[in-house]
Each structure stands twice: as structure tokens, then as C-alpha cells.
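Below, each chain spelled out in residue letters.
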Amino acid sequence: MSRRTALTRRSLVGGLAGAAVTSIALPAAASERGGAGHRTLRFMTYNASLNRGSQGQLVRDLSTPGNAQAQAVAEVIQRCAPDVLLINEFDYDAEHLGVQLFRDNYLARSQNGQAPLDFPHAFTAAVNTGVDSGLDLNGDGTLRTGDDAWGFGLFPGQYGMAVYSTAPIDHRAVRTFQLQLWSQMPDSLLPWDYYGREIGKRLRLSSKSHWDVPVRVGRDTVHVLASHPTPPSFDGSEDRNGRRNHDEIRFWADYITGSRRGSWIRDDNGGTGGLLPGSRFVIMGDLNSDPQDGDSWPGAARQLLEHHRIQDPRPSSEGAVAAAAAQGGANTRHLGEHRFDTADFTDQAPGNLRVDYVLPSSNLRVQDSQVFWPAPGQPGAELTGSYPFPTSDHRPVWADLRVR
């Protein structure tokens, strides 16, 4: 058995190659903050746009260390030096090769003089994007299109997710909610009139998946609650995607509230209910919802931002302010402050928005939080740039959290 084969087989049972090794050193930047042993970690979410147009292309791109976009994305991550990292829009493959190759060929290698990062633990799993439903979900009379998948995608796993961590992941306690039915959510916004009863009762709630990934911080556990709800657009007057986005976000509000409010929730192994009271958690991901601007269903993001168990670190950047001023367009009509924006979207509509979040539970202490969006002329500004972006149209968001 080759070393590559052995590593791949180990990755299939939950983690990545090396996940069981406890003697690998943490990155220097993490050690300066205290590292896992001292209960202070940097949690970061990044929609890195590492999705591709065909199945297997991402694995091919990452199989050598020379892909320009992957190098730039890895440099951004190395500059931020997270301890726990969620990447959105990272194509899923059943053998987990993409996650392993990005770690080994890019994150673990210095990019443009930055310190390499060592992530001995990781998690990834199947998502709904590109998984054909067998139904005509968009009503166009044609089956097996990207719009007819449980989550929009051209092949199974497109726009997937991955979690990397310097701290151990409790793989046995991971919960995934890929199969959760939308119709099981009480008082949901599911547009029954549009879909009809037969399709409506079979729809899955999550456009990708919702994951509860427990990370061990010393003797404590912090639950990484990862997701990537559908954009509230690309639909019609029924607003099926806006409604779904709202309810995908609401899932976490019900999950962390627990008790009766989360009693309808069922994970992919049949477990029911949400988090136990007092649990520590961090909600992370591209939620595709700005609290004040854009096309979201009213109040979608505020379900979390105003939740009594959540604190909003309100990360900001100088680059977002500079970009909004330079681009104008819809940005001039926004109600929200530009410094909180995390994504550089079309200037005419919807403009730049705050859609990427790291939201810790109230029983964690926030020491710092930022959006990586350097202003022109600042170090790293060339990595964000303007369209066509060298990395992604989203910016990383991170928070340094200390367990009380």
C-alpha cells in the first residue's frame, strides 16, 4: 500500500491524513495567540471561490503547487493565520483529495514569503449542490439541470465546504444536516403554492449542508456551526431562494436555542434536537444575507445578529470603505456602513455587502475581529484587487476567541 493510498483511506473515516497525530506543532502565529492549549483560537471563514466548472477539475488544479488562484488564496490564509478555518465554495470529492491536496501543496508551503500553516485536522462531507432531485424544481419542463438539484450545481459537490483546524476535531460527535427536510421546519417560508404538495414535502432545507463540527479546545468544546445558504436571488416573484435563505439562517437560530424550538431538527444519522444549553459555538460561513441592504428576506440575518445567545464582533476593514467610494453605484444608496462589507459584488446591484460572518456564542470572549480587505497600497491589497479577482469576490472574516 502506497503512502498516498494509506493517507486517503484514513481521510475517509472522518479526518485527514495525520489527524490522529498530536505532536505536530501549531503555526507560529497561533502559538503567539496562545494556541489550542491556552484556549485562544482564531476562527476564520472564507468563501475562497475554489469551485470549478467540471467534476474533478479542482483536484487536478491542486495536484501540483502551481495553480495561481490557489496560491493567492493560500497566501491570504497564511497572512490571516487562522487556527480554525471554514472554506466555502470548495468542490467536494468523495475521497477528500481536494482538501488534502490544498493543505499539502498550498497551505503547508510558503506563499510569497508567508509562514506555512500546518492543519493536522480537517473535516469535509457531502453537500446538496449538484445532487439531482429527479424533480422539475424550477418548473421549466426540463429535468436534470443545475436548477433541479437539491442545491444549485452542475455536478455533485460543486460549491462544497471544508473545515481545517489546528485543534482536534471530535469526529464521532460531528452532526450533518444535508437531508433535513424544509417542510419539517414549523412555520417555514416554504412557497407551497409554487412547488405544490408533492415536491414541497420532499425539498431539502440546506442548499449545501449544515454542519456541527465540535473542536476540542483543551478540555472544552467549541462547536463550529458551518453553512452556506443559497443566495436570495436567481428566482422569480415567488422568491423561493429568498425564502430558503431566510430559513437556512433560521435553522441555526432554532439549533442554538434548543428545547422545543429545536425539537423539529433531525441530523443525517437520525439524532434530534439542537445544542445543549451552555454549549460554546461559533456560527461561520457565507450566509448570503446583509442585515440592511441587498435582496434578503426581511430580517434574515438579524435572526442571528439579534439572538440572545450570540454576540456580533462587527469586524470591519479600511479596504471595504475605499472600494465602496471608488465603485459608487448601488453602494451610494446603502443603509449599512461600508466598513462592515465582506463581499465585492456588482456595483449597480446589489453593491458590496456584509454576507460573511463569524458569530461566537455569548460565553466566548472576543479579543479581536477583522475583515481582511486591505486598502489600496496596504500589504496584501493585490490579493483582493478588483474584478476579475485574483482570489475571490469575498473577503476572509476572522475573530480571536478565548474560552472563559
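Since this is a predicted model, take the numbers as computed values, not measurements.

Chemist: Mind showing me how you'd approach the overall build of the protein chain here?
Modeler: In terms of regular secondary structure, the protein chain is built from eleven helices and eleven strands. Taking 404 residues into account, the globule formula puts the C-alpha radius of gyration at 22 Å, and the protein chain, at 20 Å, falls close to it. Along the first, second and third principal axes, the C-alpha set of the protein chain runs to 55 × 50 × 45 Å. Looking at the protein chain as a whole, 60% of its 404 residues are labelled buried. Residue pairs at least 24 apart in sequence account for 74% of intrachain contacts in the protein chain once pairs closer than 6 positions are excluded. Carbon and sulfur atoms provide 48% of the accessible area of the protein chain, an area that totals close to 16,200 Å². Averaged over its 40 positive side-chain charges, the protein chain has a centre that lies 8 Å from the centre of its 45 negative ones.

Chemist: Just checking my understanding: could you explain the layout of surface pockets for this structure?
Modeler: Any space left empty among the atoms is revealed by the rolling of a water-sized probe across them. Taken as a whole, the largest pocket spans an internal volume of roughly 1,200 Å³. Taken together, 50 residues line the largest pocket, and the ones lying closest to its centre are Thr 230, Pro 231, Ser 233, Phe 234 and Asn 288. Where the lining of the largest pocket is concerned, the elements lending two or more residues are strand 1 (40–50) and helix 8 (240–257). Of the residues forming the lining of the largest pocket, the biggest block, three residues, is contributed by helix 8. The residue inventory of the lining of the largest pocket, partitioned by class, reads 19 nonpolar, 19 polar and twelve charged.

Chemist: Which parts of the structure should I look at to understand the side chain of Glu 238?
Modeler: Note that Glu 238 resides in the loop between strand 7 (220–226) and helix 8. Residue classification places Glu 238 among the buried positions, given a relative accessible area of 16%. When sequence neighbours within four positions are dropped, the list of residues in contact with Glu 238 reads Tyr 194 and Arg 243.

Chemist: Just to check I follow, could you spell out the sheet that holds strand 1 for this structure?
Modeler: Working definition: the strands of a sheet are paired by backbone hydrogen bonds and lie parallel or antiparallel to each other. Pairing in this open sheet of six strands is mixed, and the strands run 3-4-2-1-11-10 from one edge to the other. The open sheet terminates on both sides in strands that have one partner only, identified here as strand 3 (121–123) and strand 10 (364–371). Neighbour to neighbour, the strand axes of the sheet diverge by 15° on average, direction disregarded. The sheet contact formed by strand 10 and strand 11 (residues 397–403) spans seven bridges and is antiparallel. Bridged to Arg 365 within strand 11 is Arg 402. With respect to the sheet, helix 5 (residues 97–107) is in contact with strand 1, strand 2 (84–90), strand 3 and strand 4 (161–165), its orientation differing from that of strand 4 by roughly 50°.

Chemist: Would you mind going over unusual backbone geometry with me for this structure?
Modeler: Residue Ala 349 is joined to Pro 350 through a cis peptide bond whose omega torsion reads 5°. For the bond running from Tyr 387 to Pro 388, omega is -5°, close enough to zero to count as cis. Mapped onto the fold, Pro 388 is located in the loop between helix 11 (381–384) and strand 11. Even without glycine at this site, His 96 takes up a positive phi of about 65°. Examined against the element boundaries, His 96 turns out to sit in the loop between strand 2 and helix 5. On the basis of relative accessibility, which here comes to 7%, the residue His 96 falls in the buried class. Positive phi is not limited to glycine here, since Asn 288 has a value of about 55°. Along the chain, Asn 288 falls in the loop between strand 8 (280–286) and helix 9 (302–305).

Chemist: Would you mind going over the pattern of salt bridges with me for this structure?
Modeler: Side chains bearing opposite charge may pair, as long as their charged atoms lie close to each other. Overall, the coordinates contain 16 salt bridges when judged by the stated rule. Linking Asp 267 and Arg 175 is a salt bridge whose minimum nitrogen-to-oxygen distance equals 2.7 Å. Of the two residues, Asp 267 sits in the loop between helix 8 and strand 8 while Arg 175 sits in strand 5 (residues 175–176), which places them 92 residues apart along the sequence. For the residue pair Asp 267 and Arg 175, the accessibility class agrees, reading buried in each case. Between Arg 339 and Glu 337 there is a salt bridge, with its nearest N and O atoms 2.7 Å apart. Taking the relative accessible area as the measure of exposure, Glu 337 reaches 42% and is therefore partly exposed.

Chemist: Just checking my understanding: could you explain the UniProt feature "domain: Endonuclease/exonuclease/phosphatase" (unreviewed entry) in the protein chain for this structure?
Modeler: The residues that UniProt annotates with the feature "domain: Endonuclease/exonuclease/phosphatase" (unreviewed entry) are residues 44–394. Helix makes up 21% of residues 44–394 and strand 17%, with an end-to-end C-alpha separation of 13 Å.

Analysis parameters
- Numbers given for residues are sequential positions, taken from 1 along each chain in its written order.
- Only residues with pLDDT of 70 or above have their local features reported here, since the model is predicted, and side-chain atom pairs are shown and tallied only from 80 upward, although totals for entire chains, interfaces and linings are computed over all residues.
- Values shown for side chains rest on all heavy atoms present in the structure; no hydrogens or waters enter the calculation.
- Runs of E in the DSSP output that reach at least two residues are strands. Runs of H or I that reach at least four are helices, and both are numbered from the N terminus.
- Put simply, the radius of gyration uses C-alpha atoms, and a globule should come to 2.2 Å times the residue count raised to 0.38.
- For every residue, the accessible area (1.4 Å probe, protein chains only) is compared with the maximum for its type, and the residue is labelled buried under 20%, exposed over 50%, or partly exposed between those bounds.
- Contacts between residues were defined by any pair of non-hydrogen atoms, one from each residue, lying within 4.5 Å.
- Using a 1.4 Å probe, the Shrake-Rupley method yields the accessible areas, and only the shown protein chains count as cover for residues.
- Counted as positive: Lys and Arg. Counted as negative: Asp and Glu. His and the chain ends are not counted at all.
- Throughout, a charge is located at the NZ atom of Lys, the CZ atom of Arg, the CG atom of Asp or the CD atom of Glu.
- Within this scheme a cavity is a closed region of a 1 Å grid, computed over the protein atoms alone, that accommodates a 1.4 Å probe without allowing it to escape, whereas a pocket is open but has protein on both sides within 12 Å along at least five of seven lines; lining residues each have an atom within 4 Å of a point.
- Grid points are joined across faces, edges and corners, and a volume is the space filled by probe spheres set on the points.
- Polar here means any residue other than Ala, Val, Leu, Ile, Met, Phe, Trp, Tyr, Cys and Pro, which are nonpolar, and Asp, Glu, Lys and Arg, which are charged; Gly is therefore polar.
- For two strands to count as paired, DSSP must find a minimum of two bridges between them.
- Only C-alpha atoms enter the line fits that serve as axes; for helices the fit covers just the stretch in contact. Angles between N-to-C directions range over 0 to 180 degrees.
- Salt bridges are defined as contacts in which a side-chain nitrogen from Lys or Arg sits within 4 Å of a carboxyl oxygen from Asp or Glu.
- UniProt positions are given in the numbering used here, feature names are shortened, and annotations may be inferred rather than shown by experiment.

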